[in-house]
Amino acid sequence: MSARSASRETGGGPPVTDAGERSGLDEPVVYEEHEGLLDRVPRWVAIIGLAILGLALWQLIVGLELISRILLPTPLDTAREIVDSAGNIVTGGHVFEALWITTQEVILGFVAAAVLGFGLGVLVGETRFGQRAVMPYLVGFNALPKVAFAPVFVAWLGFGVSSKVVMALFIAFFPVIVDTAAGLAATDRDTITLFRSMGANRWQTLGKLKLPTALPFIFAGLKTAAVFSVVGAVVGEYLGGGKGLGELVRLSAQQLRIDRVFALIFYLSLIGLALFAVVGWLERRIVFWHRPDPTDVASA
Amino acid sequence: MSTAPDAPTGPAGTERPPPGDVVLDVRNLSKVYARNDVHALDGIDLQISKGQFASIIGPSGCGKSTLLKIMAGLIPASGGQVVLDGSPVQGPRPDIGIMFQQATLLPWRTSLENVLLPIEIREGARAAATLRDLANELLAMVGLGGFEKAYPGELSGGMAQRVAICRMLVIEPTILLLDEPFGALDELTRERMNEELQRICSERNATAFMVTHSIPEAVFLGDVLFVMSSRPGRIAEVVQIDLPRPRDFSITTSPRFGEIVQHVREQLDLGAQL
């Protein structure tokens, strides 16, 4: 940007003539960063503002009857239904029971996925056998449409909680394996050489060096697993009945109570968010030395 | 062959120190990588005596890092042997201290815990706890008193390398093996660290072997400098550095310093033409 355009845009200073510009080469040039109006809005205002905008748009679309109110309830209908369900949950009604069942399925599935994923991840990351023989099967397994196995688990384990736990485990454990193995492989070569020079055995190298190095990766895998285990439990409930929130969603949708469906989905996502938050909290406590990537929105 | 007529040099292996003094004795060492039949090292003979600071310099890929790794017992030689303190090196040993270009500190451990790591690995956490005072003294010696509880993320590059020096010294090694120890630091920090290393080595009468890419660094720190040629890796020249000690950085502008640097550079150029 030339001195001329800079002073014009800032609007300050005396009017610059061509002659003046030529003779005024010594004058300091003021460069200004131009930020758009939207970029200067504080973050929380921007976030809340977008939400209000989205809800208003939603209300408008339904209010103008562009879409039937039966198919798409208004935000206010949904909010009312969320409050109604909250009352039911607080008093220990049927929504509370469903929420509790699904929460159990998600937590059990997540814990099983974490344990199995971590174990297989260490096997794959640490042994040549795991790398050469086990990994190809895991990659092939990951390519399967896992949701398609839900009826199989129902056939094997029945309509109770266990078939959903296994479904959650089935969907959630793979990212933990991949991230654990990647984390172990990320260990700095010089530091491994240093450990060898200190006479460290395999278990010391694993426990004092490789696993701590892998922890940030493992937590990334666990966060993915937290979200996936909710997906697994709900898919299990859609296809295998039971008494969880997924079953309530299915029934409400059949009755075309979309407002209730939305309210139930709201509570379902709370399960996932809560689990995600717990994992994130643990990560900050345990991996205290690791500064998360500022571009990583999920850890913000 | 040399433009510095009085340069204190001699062909490889002719100026041996008295045998009783020798701490590290490398005898006819060779390394062949069978996979591609590369002769990384060929007939390396060198001796380092007690309290001597030796450096090795050579073109990239001449095998100097391989030599250091064999000395440390990290990789086997194809022929010949390394004798440290009278016994052949056949694997990692507790009397060998090693340091790399990167500080390689564990970020989840404090400076003090990092310094005690070698003790903890060899003798267990209880033995490490009894040596806390020694580790604290070492940290104070390198000017890191008050940083015992700091984590590596809170240290500058130079400070991290000081912690790595303490970690190397805590086992009281017979020889220090330094693989381009300050190569990742900026020039000013590097000069300060070189002075620091010189002071530490002379205070402890340490025996050291350093791989470096920097001729001035090798001349500034060393008593003796081995110049390597590549393919196959051989010791082309042994340069005795007779600069008086203690040295500070003003010595780098002295004529004698310049002569030696110039001589080494010519030797390296000669090796590169071969």
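Cut-off values and rules
Residues numbered from 1 in each chain as written. Chains lettered and ligands numbered in written order. Predicted model: local features only at pLDDT ≥ 70, side-chain atom pairs only at ≥ 80, totals over all residues. Heavy atoms only, no water. Contact = heavy atoms within 4.5 Å. Buried area = accessible area lost by both parts, 1.4 Å probe. Salt bridge = Lys/Arg side-chain N within 4 Å of Asp/Glu carboxyl O. Helix = DSSP H or I, 4+ residues; strand = E, 2+ residues; numbered from the N terminus. Nonpolar A, V, L, I, M, F, W, Y, C, P; charged D, E, K, R; others polar. Disulfide = S-S within 2.5 Å. Buried < 20%, exposed > 50% of the residue type's maximum accessible area, 1.4 Å probe, protein only. 1 Å grid on protein atoms, 1.4 Å probe; cavity = no way out; pocket = protein on both sides within 12 Å on 5 of 7 lines; lining within 4 Å. Points joined across faces, edges and corners; volume = space filled by probe spheres on them. Expected span 1.5 Å × (residues − 1). Axes fitted to C-alpha atoms, helices over the stretch in contact; angles between N-to-C directions. Parallel < 35°, antiparallel > 145°, perpendicular 65-115°, else oblique. Left-handed = near helix turned anticlockwise from the far one by under 90°. Pairing = 2+ DSSP bridges. Phe/Tyr/Trp six-rings, centres within 6.5 Å; stacked < 30°, edge-to-face > 60°. Core = buried A, V, L, I, M, F, W, Y, C linked by side-chain atoms within 4.5 Å. pLDDT = per-residue confidence, 0-100.

Engineer: Before we go on, may I ask you to explain the interface of chain A and chain B in this structure?
Structural biologist: Interface size is commonly expressed as the accessible area that is lost once the parts come together. On the side of chain B, 19 residues touch chain A, which itself brings 19 residues to the contact. When the two sides are added together, the surface that chain A and chain B hide from each other amounts to roughly 1,800 Å², 68% of it contributed by carbon and sulfur. Here Lys208 of chain A ties to Glu120 of chain B by a salt bridge, and the two come within 2.6 Å at their closest N and O atoms. For the side of chain A that touches chain B, the elements supplying multiple residues, two or more each, are helix H9 (189–197) and helix H10 (202–240) of chain A. Considering only residue class, the side of chain A that touches chain B consists of 8 nonpolar, 6 polar and 5 charged.

Engineer: Help me understand the state of the cysteines, please; the structure alone is not making it clear to me.
Structural biologist: Disulfides are covalent bonds that connect the sulfur atoms of two cysteines. Residue and element names in this part refer to chain B. Summed over all chains, the structure comprises 0 disulfides over all chains. Cys166 forms no disulfide, and the closest cysteine sulfur to it belongs to Cys201, at a distance of 13 Å. What makes Cys166 buried here is its relative accessible area of 0%.

Engineer: What's the story with empty space enclosed by the protein in this structure? I'm lost.
Structural biologist: Space left empty within the atom packing is revealed by a probe, the size of a water molecule, rolled over the atoms. Counted under the stated rule, the structure contains 1 cavity of 30 Å³ or more. Empty space within the largest cavity amounts to approximately 100 Å³. In this structure, the largest cavity is lined by Leu194, Ser197 and Met198 of chain A together with Ile96, Gly97, Ile98, Pro118, Arg122, Arg167, Met168 and Ile171 of chain B. Going through the elements one at a time, H9 of chain A together with strand S7 (96–99), helix H3 (117–123) and helix H6 (157–169) of chain B are the ones with two or more residues in the lining of the largest cavity.

Engineer: Hey, could you run me through H6 of chain B in this one?
Structural biologist: Three- or four-residue spacings in an α-helix give side chains the same orientation, since the helix completes a turn every 3.6 residues. Residue and element names in this part refer to chain B. For H6, built from 13 residues, the straight-helix expectation of 18 Å at 1.5 Å per residue is met to within 8% by its first-to-last C-alpha distance of 19 Å. Where burial is concerned, most of H6 is hidden: 12 out of the 13 residues are buried. Along H6, the positions that sit buried rather than exposed are Gly158, Met159, Ala160, Gln161, Arg162, Val163, Ala164, Ile165, Cys166, Arg167, Met168 and Leu169.

Engineer: Help me understand the packing of helix H11 (residues 245–254) of chain A against helix H12 (residues 258–286) of chain A in this model?
Structural biologist: Relative orientation and spacing of two packed helices are given, respectively, by the angle between their axes and the distance between those axes. Residue and element names in this part refer to chain A. The N-to-C vectors of H11 and H12 enclose an angle of 165°; their axes lie 9 Å apart at closest approach. With respect to each other, H11 and H12 are oriented roughly antiparallel. H11 and H12 meet at a crossing whose hand is left-handed. Facing Leu245, Leu248, Val249, Ser252 and Ala253 of H11, the residues of H12 in contact are Arg260, Val261, Leu264, Tyr267, Leu268 and Ile271. Of the residues in the contact of H11 with H12, the class split is 9 nonpolar, 1 polar and 1 charged.

Engineer: I tried to follow the pattern of salt bridges on my own but got confused; where do I start?
Structural biologist: Close approach of charged atoms allows side chains with opposite charge to pair. Under the definition given, this model contains 21 salt bridges over all chains. With its nearest N and O atoms 2.7 Å apart, the salt bridge here joins Glu126 of chain A to Lys210 of chain A. Residue Glu126 of chain A is found in helix H5 (residues 94–126), and its partner Lys210 of chain A is found in helix H10; the two are separated by 84 residues along the sequence. When sorted by exposure, Glu126 of chain A lands in the same class as Lys210 of chain A, which is buried. With a shortest N-O distance of 2.6 Å, Asp42 of chain B and Arg234 of chain B are connected by a salt bridge. You can see Asp42 of chain B sitting in strand S3 (residues 38–49) and its partner Arg234 of chain B sitting in strand S11 (residues 234–240), a full 192 residues away along the chain.

Engineer: Just checking my understanding: could you explain unusual backbone geometry for this structure?
Structural biologist: Here the bond from Arg245 of chain B into Pro246 of chain B is cis, since omega is -5°, no more than 30 degrees from zero. Mapped onto the elements, Pro246 of chain B comes out in the loop between S11 and helix H9 (255–273). If you check the backbone angles, Leu256 of chain A has positive phi at about 55° while not being a glycine. In this fold, Leu256 of chain A is placed in the loop between H11 and H12. Non-glycine residue Asp85 of chain B carries a positive phi angle of around 55°. Positionally, Asp85 of chain B belongs in the loop between strand S5 (79–84) and strand S6 (87–88).

Engineer: Would you take a moment to explain the sheet that holds S3 of chain B for this structure?
Structural biologist: Strand pairing within a sheet occurs via backbone hydrogen bonds; the two strands may be parallel or antiparallel. All names here are of chain B. Spatial ordering of the open sheet is given by S3-S2-S5-S6, a layout of 4 strands whose pairing is antiparallel. One side of each edge strand has no neighbouring strand; the edge strands of this open sheet are S3 and S6. Strand direction decides the pairing type here: S5 and S6, joined by 2 bridges, are antiparallel. Bridge pairing in S6 links Val83 to Pro88.

Engineer: Whenever I open this one, the packing of aromatic side chains confuses me. Can you help?
Structural biologist: To describe a pair of aromatic rings, one takes the distance between the centres and the angle between the planes. Residues and elements named next belong to chain A. Scanning the model with the defined rule gives 11 aromatic pairs over all chains in all. For the ring pair Trp58 and Phe262, a centre distance of 6.1 Å and an interplane angle of 70° mean the geometry is edge-to-face. You can see Trp58 sitting in helix H3 (residues 43–63) and its partner Phe262 sitting in helix H12, a full 204 residues away along the chain. Judged by its relative accessible area of 22%, Trp58 falls in the partly exposed class. Residues Phe266 and Tyr267 carry aromatic rings whose centres are separated by 5.2 Å and whose planes lie at 80° to one another, so their mutual orientation is edge-to-face. Counting every residue linked through ring pairs, the aromatic cluster contains Phe141, Phe149, Phe153, Trp156, Phe170 and Phe173.

Engineer: What exactly am I supposed to notice about the environment of Glu148 of chain B here?
Structural biologist: The topology assignment puts Glu148 of chain B in the loop between helix H5 (132–141) and H6. Among all residues touching Glu148 of chain B, those that are not within four sequence positions of it are Thr110, Ser111, Leu112, Asn136 and Leu139 of chain B.

Engineer: Is there a simple way to think about the nonpolar core in this case?
Structural biologist: Across soluble globular proteins, you tend to see nonpolar side chains buried next to one another. Core analysis: the biggest nonpolar cluster contains 92 residues, and Leu245 of chain A together with Leu46 and Phe209 of chain B have the highest contact counts within it. The element contributing the most residues to this core is H10 of chain A, with 12 residues. Not counting the four nearest positions on each side in its chain, Leu46 of chain B is found in contact with Leu24, Asp25, Val26, Leu67, Met71, Phe209, Phe226 and Ile235 of chain B. Core analysis: the second largest hydrophobic core is formed by 55 residues, Ile119, Leu144, Ile165 and Ile215 of chain B among them.

Engineer: I'm lost on the pairing of S3 of chain B in this one. Help?
Structural biologist: Consecutive side chains of a regular strand alternate in pointing toward one face of the sheet and then the other. In this structure, strand S2 (residues 22–33) of chain B lies alongside S3 of chain B, joined through 8 bridges in antiparallel fashion. Paired with Val22 of chain B across the bridge in S3 of chain B is Ser49 of chain B.

Engineer: What should I look at first to understand the confidence of the model for chain B in this one?
Structural biologist: In low-pLDDT regions, the fine details of the predicted coordinates are not to be read closely. Residues and elements named next belong to chain B. Confidence along chain B averages 87 in pLDDT terms, with 91% of residues attaining 70 or more. Looking at the elements of chain B, mean pLDDT is at its lowest for strand S1 (residues 9–10), recorded as 46, and at its highest for helix H2 (residues 111–115), recorded as 96. Per-residue pLDDT stays below 50 along residues 1–17; that stretch engages in 35 contacts with residues further than four places along the chain or on separate chains. Scoring the predicted complex yields pTM 0.81 and, for the interface, ipTM 0.86.

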